[in-house]
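Tertiary structure, described
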Amino acid sequence: MRRLLVTGGAGFIGANFVHLHLREYPDDRVVVLDALTYAGNRANLAGLEGHPGFRFVHGDIREQERVEALLREERIDTVVHFAAESHVDRSIVGPDAFIETNVGGTHSLLKAARAVWLESDDAPADPLFHHVSTDEVYGSLEAGEAPFTEAHPYAPNSPYSASKAASDHLVRAYHHTYGLPVTTSNCSNNYGPYQFPEKLIPLMLINLLEGRSLPIYGDGRNVRDWLYVEDHNRAIERIIESGRRGEVYNIGGNCERTNLEIVERLCDLVEEAFGEDESLAARFPACPVVKGGHGRDLITYVKDRPGHDRRYAIDASRLRDELGFGPRESFDSGFRKTLRWYLENEAWWRAVMDGSYREWTRVQYGDC
Ligand code: NAD
Ligand code: DAU
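What comes next is a walk through the structure. All of these numbers come straight from a predicted model, not from anything done at the bench. All residue numbers refer to positions counted from 1 along the written sequence of the respective chain. Chain labels run from A onward and ligand labels from 1 onward, assigned in the order the entries are written. Two thresholds apply to this predicted model, a pLDDT of at least 70 for residue-level local features and 80 or more for giving and counting side-chain atom pairs, whereas whole-chain, interface and lining totals are computed over all residues. To obtain the side-chain values, all non-hydrogen atoms of the structure were used and water was disregarded.

Description of the layout of surface pockets
Counted as a void, the second largest pocket has a volume near 280 Å³. If you trace the second largest pocket, you find 16 residues lining it, with Tyr154, Asp168, Arg172, Gly246 and Val248 closest to the centre. When residues are sorted by character, Ala, Val, Leu, Ile, Met, Phe, Trp, Tyr, Cys and Pro go into the nonpolar class, Asp, Glu, Lys and Arg into the charged class, and all the rest, Gly among them, into the polar class. Taken together, the residues that form the lining of the second largest pocket break down as five nonpolar, six polar and five charged. Cavity: a set of points on a 1 Å grid over the protein atoms alone where a 1.4 Å probe fits but cannot get out. Pocket: an open set with protein on both sides within 12 Å along at least five of seven lines, its lining residues, like those of a cavity, having an atom within 4 Å of a point. Grid points are joined across faces, edges and corners, and a volume is the space filled by probe spheres set on the points.

Laid out in structure tokens, this is it:
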């Protein structure tokens, strides 16, 4: 039985991780620590309130003393560190929060883990600090270049990726200098339930349903390597179970697509869904499909993102060869699941988009 502290567990990937973990390991203890920034949503953890192993703590990873107290009080043996500022566009407009949370916050957590696990009598038997990071630390690939391995040099290009790179280095340093047991994973682009609608897939889907334009940056030929969020989290579970301490594992979907391909596929799937379910036309009357038009007509090319990385692609062979891991979802199956989830959870995304989820969660859950 493990006792986990999941930072950022009210965000997109963290919340999916908590649901998966408590489904697969119902006897474990899972304590979520989340500051509930704009991206954190208590409703992402709905349904877990009565679970005996689950606890939600509203707090900031930068509060070192509080984290130390939590590690001791809950006898935490596994930290799974998702908490971060995660959106590249926001990092371009306002980098400070990225340095404060991603660098300062990660360092604060490392100091807390070191104090409790290495410098006190309260240490659990087999502790592990798992750091969740991104493929963006490796920079950008040209067409035809080999995918990123774990040995690829770091070359971050945005304030976001630079802050994640700095956090990766701190995690590595705490292992080599102090002997803190750590693992790190660098994953490619995720998609799936609970993703905040500022990221490509949910943003485009909701715009399409609402009949708004689909803003594609630059020429739309930038390439990302897409992975269904549950596959990312299953990979993290494998690393926590059996990953070598001090090691880094790349996680990817072997699924490179241009942004234009993603948006066009989304348009086709939405047309298909409207064809199969007549009630969608009444729910989303502004969607062009309702008037016999096409989602693709809404595609609009807009000014490119400054410093926009051209291509990411992951070589996940270490994860496959050492830990026997491979994704379960194909792009098609994962994409269809995601579309279905957003169609079935309109209340969730409407509340997120108009900000009313803040008040709703305050009434539901109070301030914690
Ligand atoms: P997200 O923005 O959806 O969620 C981040 C969560 O962290 C939110 O719940 C937020 O409230 C919380 N948080 C932010 N600052 C905090 C602080 N100071 N203290 C406590 N909690 C705080 O992010 P996500 O997309 O779920 O990403 C999770 C992690 O995975 C990040 O570390 C990100 O870098 C990494 N990652 C994301 C992707 C992706 O495609 N989204 C891919 C690879 C890696
Ligand atoms: O690669 C992993 C990273 O993937 C994670 O570390 C980040 O946390 C996550 O946000 C994601 O970063 P990206 O910048 O790749 O994701 P985003 O959804 O913002 O954009 C995906 C691509 O789509 C990117 O090339 C920019 C483009 N884009 C995005 C938006 C929001 C558009 O063309 N139009 C848009 O409106």
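Okay, back to it.
Focus: the site of ligand 2
Residue proximity to a molecule or strand is established when one non-hydrogen atom of the residue lies within 4 Å of it. If you check the shell around ligand 2, you find 24 residues, and the closest are Thr134, Asp135, Tyr160, Arg305 and His308. Threonine 134 is positioned such that a nitrogen or oxygen atom in its side chain is 2.7 Å from an oxygen atom of ligand 2. In the analysis that follows, any N or O atom pair within 3.5 Å is treated as a polar contact, provided that within protein one partner can donate a hydrogen and the other can accept it, and provided that, for residues neighboring in sequence, both atoms belong to side chains. For ligand 2, an oxygen atom lies 2.9 Å from a polar atom in the side chain of asparagine 259. Contact with the protein chains covers 94% of the free accessible surface of ligand 2, which is 690 Å². Every helix listed is a DSSP run of H or I at least four residues long, and every strand listed is a run of E at least two residues long, numbered separately from the N terminus. Elements represented by at least two residues in the shell around ligand 2 include exactly helix H6 (200-210) and strand E8 (214-217). Looking at the shell around ligand 2, its residues break down into ten nonpolar, eight polar and six charged. The protein chains shown are the only cover counted for residues, whose accessible areas, like all others here, come from Shrake-Rupley with a 1.4 Å probe.

Section: the pairing of strand E9 (residues 223-228)
For every residue, the accessible area obtained with a 1.4 Å probe (protein chains only) is divided by the maximum for its type, and the residue is called buried under 20%, exposed over 50%, and partly exposed between those limits. Burial analysis of E9 places six of its six residues in the buried class, which makes it a mostly covered element. Only when DSSP finds a minimum of two bridges between them are two strands counted as paired. For strand E7 (residues 189-191) and E9, the ladder comprises three bridges, and the chain directions are parallel. Pairing of asparagine 190 across the sheet is with leucine 227, part of E9. Where E9 lies against strand E11 (residues 256-258), three bridges are found, and the strand directions are antiparallel. Paired with arginine 224 across the bridge in E11 is arginine 257.

Observations regarding the packing of aromatic side chains
Geometry of aromatic contacts follows a simple scheme: Phe, Tyr and Trp rings, the Trp one being its six-membered ring, pair when their centres are within 6.5 Å, and the pair is stacked under 30 degrees between planes, edge-to-face over 60, tilted otherwise. Throughout the structure, instances matching the rule amount to 19 aromatic pairs. Taking the centre distance of 5.4 Å and the plane angle of 55° together, the rings of phenylalanine 17 and phenylalanine 82 count as tilted. One end of the pair, phenylalanine 17, is in helix H1 (residues 12-24); the other, phenylalanine 82, is in the loop between strand E4 (78-81) and helix H3 (88-93), with 65 residues separating them in the sequence. Each of the two residues, phenylalanine 17 as well as phenylalanine 82, counts as buried. Among the aromatic residues, those joined into a ring-pair cluster are Tyr191, Trp226, Tyr228, Phe331 and Phe335. Here arginine 90 stacks its cationic end above the ring of tyrosine 38, 3.4 Å away from the centre of that ring. For a Lys NZ or an Arg CZ to count as sitting over a ring, it must be within 6 Å of the ring centre and within 35 degrees of the ring normal. A cation over an aromatic ring shows up here: arginine 114 above the ring of tyrosine 178, its NZ or CZ 3.6 Å from the ring centre.

Observations regarding the environment of leucine 280
Looking at where leucine 280 falls in the secondary structure, it is placed in helix H9 (residues 279-283). Owing to a relative accessible area of 2%, leucine 280 belongs among the buried residues under this scheme. Distance from leucine 280 to histidine 176, taken between C-alpha atoms, is 55 Å for residues 104 residues apart in sequence. Note on contacts: a residue pair qualifies if any of its non-hydrogen atoms lie within 4.5 Å across the two residues. Contacts of leucine 280, omitting those with residues within four sequence positions, involve Ala273, Phe274 and Leu343.

Quick look at unusual backbone geometry
A positive phi angle, close to 70°, is found at tyrosine 194, a residue other than glycine. Position of tyrosine 194 among the secondary structure elements: in the loop between E7 and H6. For tyrosine 194, a relative accessible area of 16% puts it in the buried group. With a phi angle near 50°, asparagine 254 is a residue other than glycine that sits in the positive phi range. Along the chain, asparagine 254 turns up in the loop between strand E10 (248-251) and E11.

As for helix H11 (residues 331-344)
Side chains that are three or four residues apart share a direction in an α-helix, a result of its 3.6 residues per turn. One fewer than the residue count of a helix, multiplied by 1.5 Å, yields its expected span. In a regular helix each residue adds 1.5 Å, so 14 residues correspond to 20 Å; H11 covers 20 Å between its end C-alpha atoms and thus fits that length. Every buried residue of H11 is listed here: Phe331, Gly334, Phe335, Thr338, Leu339, Trp341, Tyr342 and Leu343.

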